[in-house]
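Summary of the model geometry
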Amino acid sequence: VTVAAEATAHRPRRRPSALRRALRGSVPYLLIFPVIAVITAILGYPLYRLVTLSFQQYGLPELIQRKGVWIGIDNFESVLRDEIFWRTLLRTVIFTAATVGLTIVLGTLIALLLVRISAWVRVLLTAALVLAWAMPAVVAVQVWFWMTNFQNGILNYVLTELRVGDYTQHNWYETSFSKLAMVALLIVWGAIPFVTITVYAGLAQVPRELVEAAEIDGAGPIRVFRDVTFPILKPIFLILTSLSIIWNFGVFTQPYLLIGASHIDPTNYLMGVYVYIEAFGKSDFGRGAAISLLMLLIVAVLSVPYVRRMVQMGTTR
Amino acid sequence: VSAVTAPRAATVRRARRRRLRRIAWNVVGLVVAAVVAFPVFWMVSTAFKPDDEINSFVPTWVSAEPTLQHFRDAIARPYFWETVKNSLIVVGAVVVLSMIVAFLAAVALAKYRFTGNKLFVVLVIGILMLPQAGLVIPLYVVLARYGLTNELMGLVLTHLVILLPFAVWTLRGFIMGIPKELEEAAMVDGSSRLGAFTRILLPLVAPGLVATSVFIFITSWNEYIFANVILTDQSNQTLTIWLSYFYGTSRNIDWGGLMAASTLTAIPVVIFFLLVQRKIAFGLTAGAVKA
């Protein structure tokens, strides 16, 4: 029942004509029309173009002439036969699993910590989290780069002072693995606040009596979390995990800038960087489009649980 | 006697143990807070240090002789003011356009039930999920086709399309948070639907409008990949791109200047973020547990 219908019910003397009712019914469509128009114009055509590009030979000369050459599935064939594609895909899957796993586990632990500390410590910790969250990605990269610098970065100094080992002049950007590990740490640092604050808000909704009842029955903190808290928070974890997977799978800014354009090579590609280099580094937009399309398909599959959940929430009241 | 004191001693012991545990957790909390906030602290601290302190092998935590020299240097570098201006133009246009367009659609989603609303939600959420790295190529090729590359307008359009779904979704949440009874009461009093809308709904949803526009401001201000691809001339770029090129050329990196420039780029974002974080944070997950 729309509000419009209720409104007319309050004024029985004016009976709406069929025309009037039709007009009323069209109001929501008029309201969503601008969004649809903008999205179709700015995104619809490019998405269509993405599909056609992926079947074309489209390099710099074609970009200037604004006309590609149709080559069928050659781009897909060359990509799927390319070992770099499969290695990059595998690397990105491992990278995503590691960063998402770390983010969710650490974020949840900090949320559980927030419940157990005094109010003034909680204010401090929340403030720290929000500060980290607010940092723009490009700024965070620059700061991280400075902190992990081999000459006088604070990380080497602190590790050496704490007697973890001799890290004087240790270069954190030597191997592909350590480069990506630095990128992963940076991403996890930036992603934890969102997880922690969302889980903490969810913890407030867990009925106190349930936890107390479990504790009286002799359940320890781990069992309470596993059997009481987690099942209630499961929808939140589902959403957080799928959002994090989607975000980290397509990540570009942090790996591209922290590794640095001149040190990016096939041994440290992640999908986002790979697509960018193929298209803009090598000026092969057709092949880049084919990789983009494959990437979008993978993400589309990954985001099904999130989208389904959100649609359920978005259409029921 | 012992029969009375024994249980009391047990309570005292339990209370003491609980207090010790609380103190231990507090210590852990403080350490975590320090680690999480450290990069931000280190950025600001370095920005104010004289060069000899920055380059020394034994770091000072906070400089005894803070200097503003690095900030002066950063601002004096080429294209600083141009890129600040460009960022403000892009962000301003994106905020105004997306808020107007998104608000209408959000009203439709929150207040009407219509055939196809499910499809519209799928469209909105679906676009929200598209990885930007996957969209760079076609958007660039299409913008190049219409001569919009290296134009601020091209970047405005791109930001508009990636931020509209987010704006629609959060605004919908804010509008739905307003009790229906208020609006109905206004209409019983004889106001028209539009009157009820402007006098009751709009003031109530104003904080939500502010929060959403600030969040759009931040995202557009921070955006890197599209700005990097679309805007090629240095005088045409945004502040974020300016910062990403800061050390690009020289071998000896000016860390103080880099940290001062980083601080300058982050300040507006951090301030705004602190203001609205609470309101926006749950937009993406709202209602997940209630069901």
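The preceding data block contains the structure.
Here is what the cut-offs are and how they apply
- Residues numbered from 1 in each chain as written.
- Chains lettered and ligands numbered in written order.
- Predicted model: local features only at pLDDT ≥ 70, side-chain atom pairs only at ≥ 80, totals over all residues.
- Heavy atoms only, no water.
- Helix = DSSP H or I, 4+ residues; strand = E, 2+ residues; numbered from the N terminus.
- Buried < 20%, exposed > 50% of the residue type's maximum accessible area, 1.4 Å probe, protein only.
- Contact = heavy atoms within 4.5 Å.
- Areas by Shrake-Rupley, 256 points an atom, 1.4 Å probe, with all protein chains shown as cover.
- Rg over C-alpha atoms; globule rule 2.2 N^0.38 Å.
- Lys, Arg positive; Asp, Glu negative; His and termini not counted.
- Charge placed at Lys NZ, Arg CZ, Asp CG, Glu CD.
- Phe/Tyr/Trp six-rings, centres within 6.5 Å; stacked < 30°, edge-to-face > 60°.
- Lys NZ or Arg CZ within 6 Å of the ring centre and 35° of its normal.
- Patch = residues over 30% accessible without salt bridge, like charges linked within 9 Å, V, L, I, M, F, W, Y side chains within 5 Å.
- Salt bridge = Lys/Arg side-chain N within 4 Å of Asp/Glu carboxyl O.
- 1 Å grid on protein atoms, 1.4 Å probe; cavity = no way out; pocket = protein on both sides within 12 Å on 5 of 7 lines; lining within 4 Å.
- Points joined across faces, edges and corners; volume = space filled by probe spheres on them.
- Nonpolar A, V, L, I, M, F, W, Y, C, P; charged D, E, K, R; others polar.
- Polar contact = N/O pair within 3.5 Å; in protein donor to acceptor, adjacent residues only side chain to side chain.
- Core = buried A, V, L, I, M, F, W, Y, C linked by side-chain atoms within 4.5 Å.
- Axes fitted to C-alpha atoms, helices over the stretch in contact; angles between N-to-C directions.
- Parallel < 35°, antiparallel > 145°, perpendicular 65-115°, else oblique.
- Left-handed = near helix turned anticlockwise from the far one by under 90°.

Moving on, we come to the overall build of chain B. Secondary structure assignment for chain B yields 12 helices and zero strands. Ordering the α and β elements of chain B from the N terminus gives α-α-α-α-α-α-α-α-α-α-α-α. Here chain B, with 291 residues, has 53% of them falling under the buried criterion. Taking the intrachain contacts of chain B between residues at least 6 apart in sequence as the baseline, contacts between residues at least 24 apart amount to 71%. Summed over all atoms, the accessible surface of chain B reaches about 13700 Å², with 65% contributed by carbon and sulfur.

Turning our eyes to something else, we now look at the overall build of chain A. Of regular secondary structure, chain A possesses 15 helices and two strands. Taken over C-alpha atoms, the radius of gyration comes to 26 Å for chain A, far larger than the 20 Å a tight globule of 317 residues would show. Each principal axis of the C-alpha distribution contributes one length, and for chain A these read about 85 × 75 × 30 Å. Taken over 317 residues, chain A has a buried fraction of 51%. Long-range contacts, defined here as pairs at least 24 residues apart, represent 63% of the contacts in chain A between residues at least 6 apart. Looking at chain A, you have 26 positive and 17 negative side-chain charges, and the mean spots of the two groups are 18 Å apart.

The subject of this paragraph is the packing of aromatic side chains. Scanning the model with the defined rule gives 38 aromatic pairs over all chains in all. Where Phe38 of chain B meets Trp61 of chain B, the ring centres are 6.3 Å apart and the plane angle is 75°; that geometry is what we call edge-to-face. Of this pair, Phe38 of chain B sits in helix H1 (residues 2-47) while Trp61 of chain B is found in the loop between helix H2 (51-55) and helix H3 (69-76), placing the two residues 23 residues apart along the sequence. The class for Trp61 of chain B is partly exposed, based on a relative accessible area of 43%. Counting every residue linked through ring pairs, the aromatic cluster contains Tyr58, Phe252, Tyr256, Tyr276, Phe280 and Phe285 of chain A together with Tyr140 and Tyr224 of chain B. Here Arg77 of chain B stacks its cationic end above the ring of Phe246 of chain B, 3.8 Å away from the centre of that ring. The cationic tip of Arg172 of chain B hangs over the ring face of Trp169 of chain B; the distance from NZ or CZ to the ring centre is 4.4 Å.

Now for a nonpolar patch on the surface. All names here are of chain B. There is a patch of nonpolar side chains on the surface, built from Leu20, Ile23, Val27, Val31 and Val35 and spanning about 460 Å² of accessible area. With respect to the helices and strands, the residue Val31 is situated in helix H1. According to the relative accessible area criterion, Val31 is partly exposed, its value standing at 47%.

Applying the stated criterion to the full structure yields four cavities of 30 Å³ or more. Around the largest cavity, the lining is made up of 48 residues, and of these Ala137, Trp247 and Gln254 of chain A together with Gln132 and Thr219 of chain B lie nearest the centre. Per-element accounting of the lining of the largest cavity gives the leading share, seven residues, to helix H9 (residues 176-203) of chain A. Its residues assigned to classes, the lining of the largest cavity comprises 37 nonpolar, 10 polar and one charged.

A few words on the interface of chain B and chain A. Contacts between the two partners involve 108 residues from chain B and, on the opposite side, 103 residues from chain A. Put simply, chain B and chain A have zero salt bridges between them. Our count for the contact surface shared by chain B and chain A stands at nine residue pairs in polar contact (both at pLDDT 80 or more). Counting residues per element, the side of chain B that touches chain A draws most heavily on H1 of chain B, which supplies 17 residues. A per-class count over the side of chain B that touches chain A returns 79 nonpolar, 19 polar and 10 charged.

This next bit is on a negative patch on the surface. On the surface, a cluster of negative charge is made up of Asp51, Asp52, Glu65 and Asp73 of chain B. Along the chain, Asp73 of chain B falls in helix H3.

Counting 198 residues, the largest nonpolar core has Leu125, Trp189, Leu258, Phe280 and Phe285 of chain A together with Ile125 and Phe226 of chain B as the members making the most contacts within it. The biggest single contributor to this core is helix H4 (residues 80-111) of chain B, with 16 residues. Among residues more than four places away in sequence, those in contact with Leu258 of chain A are Val141, Trp144, Phe145, Tyr173, Met182, Val183, Leu186 and Thr253 of chain A.

Residues and elements named next belong to chain B. Note on placement: Ala211 falls in helix H9 (residues 193-222). A relative accessible area of 1% places Ala211 in the buried class. In sequence terms Ala211 and Phe273 are 62 residues apart; their C-alpha atoms lie 9.2 Å from each other.

So, about the packing of H9 of chain A against helix H11 (residues 221-249) of chain A. Residue and element names in this part refer to chain A. Direction vectors running N to C along H9 and H11 enclose 155°, while the axes themselves pass 10 Å from each other. On the basis of the axis angle, H9 is roughly antiparallel to H11. Seen from above, H9 lies across H11 with right-handed handedness. Packed against H9, whose contacting residues are Ile187, Phe194, Val195, Thr198, Val199, Gly202 and Leu203, the element H11 presents Thr229, Leu233, Ile236, Phe237, Leu240, Leu243, Trp247 and Asn248 at the interface. Per-class residue counts for the contact of H9 with H11 are 11 nonpolar, four polar and no charged.

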